[in-house]
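One letter stands for each residue in the lines below.
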Amino acid sequence: MREFLRAYPAEAKLLVVLALLCALLSLAAPQFLTLVNLTSLLNNNAVNLIWAVGLLVVLIAGGIDISFAVGASVVQYLAVMALMGMGGGGWAVGIALAMALGIGLGLINAALIHGFRIISIVVTISTFNAFFGLLMFFTSGKSIYSLPDWLSRPIYLWELQTEIGWADIRLPVVVMGICLFATWFLIRRTTTGRQLYAFGDNPEGARRAGINIWLMQAIAFGWCGMMAGIAGLMQAHITKEVVPNALIGRELDVLAAVVLGGARLGGGRGSVLGCVLGVALVAVAQNGLNLLGVSPYAFKMVVGIIILAAISTSNIDLAAMLAPKRRDRE
């Protein structure tokens, strides 16, 4: 246990906060711990988790990307239009197309950052506005309600009827799981992942060590763009429609959740486990407020307090607290 606490201090503290929050909500709202509510939480936050692991790779590499939600909106619109143009396609074609479009948008960010030596947050603010402006200009803000049958048809992988309703696991949860595993494998089990950590922790040292800076930026932002594209297609599958501006405004919540999970804004630190816990904490807080009948206008305030409380405990060493105390020898 102490080894885990020392290896993942931020994640361990976040897990404690999440456990306490779940315990309180289970007492205040009995329906919170029901299978129906828990599976609903999982289904509803699959898209945010896909975004989160994409953003995690960028943060590990020392960058920041706030354009991924707009990128997802652009990808889902272009992908659906292309699929309808080719007669509908299928899941394999749709996911491949979404991934390719997403990688393309991510590489635009990487090229601007590397080519003009501009900090990533400035570039992604610019591309956020550029992508969104182009999307709204060419679509005139019109939504798409006629999707291919395979995309709009719900896919239930598991379902169970309970006393209060149906509990089920849907396709986006499985896609989310694959994205989580792929990101974990990239950053923890490959040489590229170790190079991303090294580059994010010390860019100049990484350059002197022979790490290709452009390649690191291309992989990080390309991965984030790919995850944004997959998430955009999953969002279209969930809602059975494509609304150009529906995803805008969720990027800061995802960024806060990833940072809350232990990813460092300066780069060189972060884990998939932290992403899961960060997104889970924000989702559980929102769900609990809804169950308690609290006004949705209070959600941002409560989440802000939770994030502040979690970050303010960052200097508490849980491993030291749990270690057995040594008696002073005379």
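Refer to the preceding data block for the structure.
Residues numbered from 1 in each chain as written. Predicted model: local features only at pLDDT ≥ 70, side-chain atom pairs only at ≥ 80, totals over all residues. Heavy atoms only, no water.

Focus on unusual backbone geometry
Right, so step 1: Phi at Arg117 is positive, roughly 55°, even though this residue is not glycine.
Right, so step 2: Mapped onto the fold, Arg117 is located in the loop between helix 6 (91-116) and helix 7 (120-139).
Right, so step 3: For Arg117, a relative accessible area of 64% translates into the label exposed.
Right, so step 4: Its identity is not glycine, yet Ser140 carries a phi of approximately 55°, on the positive side.
Right, so step 5: Mapped onto the secondary structure, Ser140 falls in the loop between helix 7 and helix 8 (149-152). (Helix = DSSP H or I, 4+ residues; strand = E, 2+ residues; numbered from the N terminus. Buried < 20%, exposed > 50% of the residue type's maximum accessible area, 1.4 Å probe, protein only.)

A few points about the nonpolar core
Right, so step 1: Counting residues in each nonpolar core, the largest one holds 60 residues, and the members touching the most others are Ile50, Trp51, Leu56, Phe68, Ile187 and Val258.
Right, so step 2: For this core, the secondary structure elements donating two or more residues are helix 4 (46-60), helix 5 (68-85), helix 6, helix 9 (171-189), helix 10 (191-201), helix 12 (213-239), helix 13 (251-260) and helix 14 (272-291).
Right, so step 3: Setting aside residues no more than four positions away along its own chain, Ile50 makes contact with Val175, Met176, Cys179, Met227, Ile230, Ala231 and Met234.
Right, so step 4: One finds Val74, Tyr77, Ala98 and Leu135 within the second-largest nonpolar core, a separate group that totals 18 residues. (Core = buried A, V, L, I, M, F, W, Y, C linked by side-chain atoms within 4.5 Å. Contact = heavy atoms within 4.5 Å.)

Concerning the environment of Gly304
Right, so step 1: With respect to the helices, strands and loops of the structure, Gly304 is situated in helix 15 (residues 299-312).
Right, so step 2: Residues Gly304 and Gly274 lie 30 residues apart in sequence; the distance between their C-alpha atoms is 18 Å.

Structural notes on the environment of Ala231
Right, so step 1: Among the secondary structure elements, Ala231 is positioned in helix 12.
Right, so step 2: The exposure class assigned to Ala231 is buried, which follows from its relative accessible area of 0%.
Right, so step 3: Residues Ala231 and Ala98 lie 133 residues apart in sequence; the distance between their C-alpha atoms is 8.8 Å.
Right, so step 4: Not counting residues within four places of it along the chain, the set of residues in contact with Ala231 comprises Val47, Ile50 and Trp51.

Re a nonpolar patch on the surface
Right, so step 1: A contiguous nonpolar surface patch, about 520 Å² in accessible area, is contributed by Leu35, Leu157, Trp158, Leu160, Val174 and Ile178.
Right, so step 2: Looking at the nonpolar patch, the elements that each hand over two or more residues are strand 1 (156-162) and helix 9.
Right, so step 3: If you tally residues by element for the nonpolar patch, the top one is strand 1, at three residues.
Right, so step 4: Secondary-structure assignment places Val174 in helix 9. (Patch = residues over 30% accessible without salt bridge, like charges linked within 9 Å, V, L, I, M, F, W, Y side chains within 5 Å. Areas by Shrake-Rupley, 256 points an atom, 1.4 Å probe, with all protein chains shown as cover. Salt bridge = Lys/Arg side-chain N within 4 Å of Asp/Glu carboxyl O.)

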